[in-house]
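Architecture and fold: a report
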Amino acid sequence: MLIKVRKSWELKDSDVTAQSLYLNRRQIMAGAGIAIATAALPSLAFGKAYDSAVKTKYGDDETLTSFKDITSYNNFYEFGTDKRDPSRTARALTTKPWSIKVEGECNKPGTYNLEDILKNQTVEERVYRLRCVEAWSMVIPWNGIPMANILSQFEPNSNAKYVQFDTLFRPEEMWGQKRRFLTWPYQEALRMDEAMHPLTLAAIGLYGDTLPKQNGAPIRLVVPWKYGFKSIKSIVAIRFTRRRPKTSWNMMNAREYGFYANVNPAVDHPRWAQDRERRIGDFFKTDTKLFNGYASEVASLYDGMNLRTNY
Ligand SMILES: Nc1nc2c(c(=O)[nH]1)N[C@H]1C(S)=C(S)[C@@H](COP(=O)(O)O)O[C@H]1N2
Ligand SMILES: [Mo]
């Protein structure tokens with residue numbers, strides 16, 4: 001069956017199309033009693049690499065944030081600092097062709113086409129909470145591949161203790177890069193065990209469609225137990241390192257943005273309390289959970305660490 005879907009980054013009156021298609025499919029699957037199903041998805045960007053997604057256990061208990069809110073309330077400073085800027089201006093970004101440069105402590109450095117990296121990978125559907133440091137949050141149905149499956153292709157060696165990611169630097173298309181709000185390119189990094197953790201996702205879509213540009217097309221990191229700024233968008237470089245790499249927000253203001261950035265209601269941001277959050281679309285605030293609710297899966301990564309000093 002061929003499903004025709006508009007490009008999701010073009011926000012018009014058809015805003016709800018991707019969302020209703022997605023929800024219909026979920027209902028049909030639930031009605032048929034299918035717990036794990038392969039759902040038909042449109043193949044738009046990467047041909048065969050993204051024809052279907054395997055449903056996972058994540059997020060069946062969550063109310064999804066609307067497609068409209070997910071794609072029109074964004075932080076993507078390469079396209080301006082206003083939450084509405086990215087949805088208005090990210091269409092300028094060219095996402096095809098797309099290649100990723102792989103460097104550092106691994107056996108297979110090089111420059112790879114995204115299609116080749118995604119070849120033979122299984123795309124999953126995972127509903128994750130995203131918690132921004134600014135105390136708002138969303139629930140997003142991502143489509144993506146476990147980051148471990150991407151990184152292991154490059155065979156990181158035993159010296160690789162961290163992995164750093166860069167966003168594209170292309171000021172002709174990313175007008176925000178003409179201003180020096182952050183040091184460009186945007187960079188983020190994880191400890192290797194965090195990057196290889198099964199929850200860590202390389203997202204290539206949401207709501208069953210390819211990733212809208214304002215959400216970090218064509219491929220972005222999603223680390224659901226950390227504040228949103230760790231989940232770097234539009235990745236063009238992956239670098240395996242021995243030492244802890246520099247990260248953009250930490251360089252800008254180390255007191256406010258730590259390297260770990262684990263969601264922690266007990267540790268306030270210097271300018272905001274972090275114990276409550278407001279889901280976009282909700283009126284009332286809710287309690288923020290340690291590790292954004294993923295503690296049972298990730299707390300052991302930080303055994304013996306002081307989470308107040310390692311914020
Ligand atoms: N390259 C890049 N990645 C980025 C950002 C950014 O400004 N540039 N913002 C981060 C922040 S602060 C958040 S909260 C999330 C927002 O992701 P979303 O717009 O898809 O919800 O992206 C993160 N990744
Ligand atoms: Mo954020």
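**Re the site of ligand 1**
Not every one of the 15 residues close to ligand 1 is listed here, only the nearest: N74, Y77, E78, T167 and K233. At 2.7 Å, a backbone N or O of Y77 approaches an oxygen atom of ligand 1. Between ligand 1 and E78 there is a distance of 2.8 Å, counted from a nitrogen atom to a side-chain nitrogen or oxygen. Relative to its unbound accessible area of 530 Å², ligand 1 is 98% covered by the protein chains. Structurally, ligand 1 is housed in the largest pocket. Here the residues of the shell around ligand 1 are counted per class, giving six nonpolar, six polar and three charged.

**Digging into empty space enclosed by the protein**
Applying the stated rule across the entire model yields two cavities of 30 Å³ or more. Within this model, the largest cavity holds a volume of roughly 50 Å³. In terms of lining residues, the largest cavity is bounded by Y128, R129, L130, R131, W142, V222, V223, P224, K226, S231 and N292. Element by element, the count of residues in the lining of the largest cavity is highest for strand β5 (residues 124–131), at four residues. Residue composition of the lining of the largest cavity, by class: six nonpolar, two polar and three charged. Along its surface, the second largest cavity is lined by I100, M147, I150, F165, I219, I235 and I238. For the lining of the second largest cavity, the secondary structure elements donating two or more residues are α5 (147–151) and β12 (235–241). A per-class count over the lining of the second largest cavity returns seven nonpolar, no polar and no charged.

**Remarks on the packing of aromatic side chains**
Going through the model one piece at a time under the given rule, you end up with 17 aromatic pairs. On the numbers, 5.0 Å between centres and 75° between planes, the contact of Y77 with F181 is edge-to-face. Placement of Y77 in the loop between α2 (67–72) and α3 (85–89) and of F181 in the loop between β7 (162–167) and β8 (187–191) is noted, with a sequence separation of 104 residues between them. Between the aromatic rings of Y162 and F259, the centroid separation amounts to 5.9 Å while the plane-to-plane angle is 80°, which identifies the pairing as edge-to-face. One end of the pair, Y162, is in strand β7; the other, F259, is in the loop between α7 (248–252) and β13 (276–279), with 97 residues separating them in the sequence. A relative accessible area of 4% means that F259 is categorised as buried. Feature note: the residues Y77, F181, F229, W249 and Y257 constitute an aromatic cluster, connected by ring pairs. Above the plane of the ring of Y73 lies K83, whose end atom (NZ or CZ) is 6.0 Å from the centre.

**A short note on the pattern of salt bridges**
Inspection of the entire model under this criterion finds 18 salt bridges. A salt bridge links K108 to E155; the shortest N-O distance between them is 3.3 Å. Note that K108 is positioned in the loop between β3 (99–104) and β4 (110–113) and E155 in the loop between α5 and β7, a separation of 47 residues in sequence. Judged by its relative accessible area of 38%, K108 is partly exposed. The shortest N-O distance in the salt bridge between D116 and K119 comes to 3.1 Å. Judged by its relative accessible area of 49%, K119 is partly exposed. Three or more residues are tied together by salt bridges with common partners; here these are E62, R129, R131, E277 and R279.

About the criteria used
- Note on numbering: residues in each chain are counted from 1, in written sequence order.
- Throughout, the order in which chains and ligands are written sets their labels, letters from A for the former and numbers from 1 for the latter.
- Totals for whole chains, interfaces and linings use every residue, but because this is a predicted model, local features are given only for residues with pLDDT of at least 70 and side-chain atom pairs only at 80 or more, for both listing and counting.
- Think of the side-chain values as coming from all heavy atoms in the structure, minus any hydrogens and water.
- Nearness here has a simple test: a residue counts as near a molecule or strand if at least one of its heavy atoms is within 4 Å of that partner.
- What qualifies as a polar contact is a pair of N or O atoms within 3.5 Å, subject to a donor-acceptor requirement within protein and to the restriction that residues adjacent in sequence count only when both atoms come from side chains.
- Throughout, the Shrake-Rupley method with a 1.4 Å probe supplies accessible areas, and for residues the shown protein chains are the sole cover considered.
- Think of a 1 Å grid over the protein atoms and nothing else: a 1.4 Å probe that fits but is trapped marks a cavity, an open set flanked by protein within 12 Å on at least five of seven lines marks a pocket, and residues with an atom within 4 Å of a point count as lining.
- A molecule is said to be in a cavity or pocket once over half of its atoms fall within 2 Å of that pocket's grid points.
- Any residue outside Ala, Val, Leu, Ile, Met, Phe, Trp, Tyr, Cys, Pro, Asp, Glu, Lys and Arg is labelled polar, Gly included; the first ten of those are nonpolar and the last four are charged.
- Grid points are joined across faces, edges and corners, and a volume is the space filled by probe spheres set on the points.
- Numbering goes from the N terminus for both helices and strands, where a helix is a DSSP run of H or I of at least four residues and a strand is a run of E of at least two.
- Here is the rule: rings of Phe, Tyr and Trp (six-membered ring for Trp) pair when centre to centre is within 6.5 Å. Planes less than 30 degrees apart are stacked, more than 60 are edge-to-face, and the remainder are tilted.
- Per-residue accessibility, obtained with a 1.4 Å probe over protein chains only, is compared with the maximum for each type, and a residue is labelled buried under 20%, exposed over 50%, and partly exposed between these values.
- The criterion for a charge sitting over a ring is simple: Lys NZ or Arg CZ within 6 Å of the ring centre, and within 35 degrees of the ring normal.
- Definition used for salt bridges: Asp or Glu carboxyl oxygen within 4 Å of a side-chain nitrogen of Lys or Arg.

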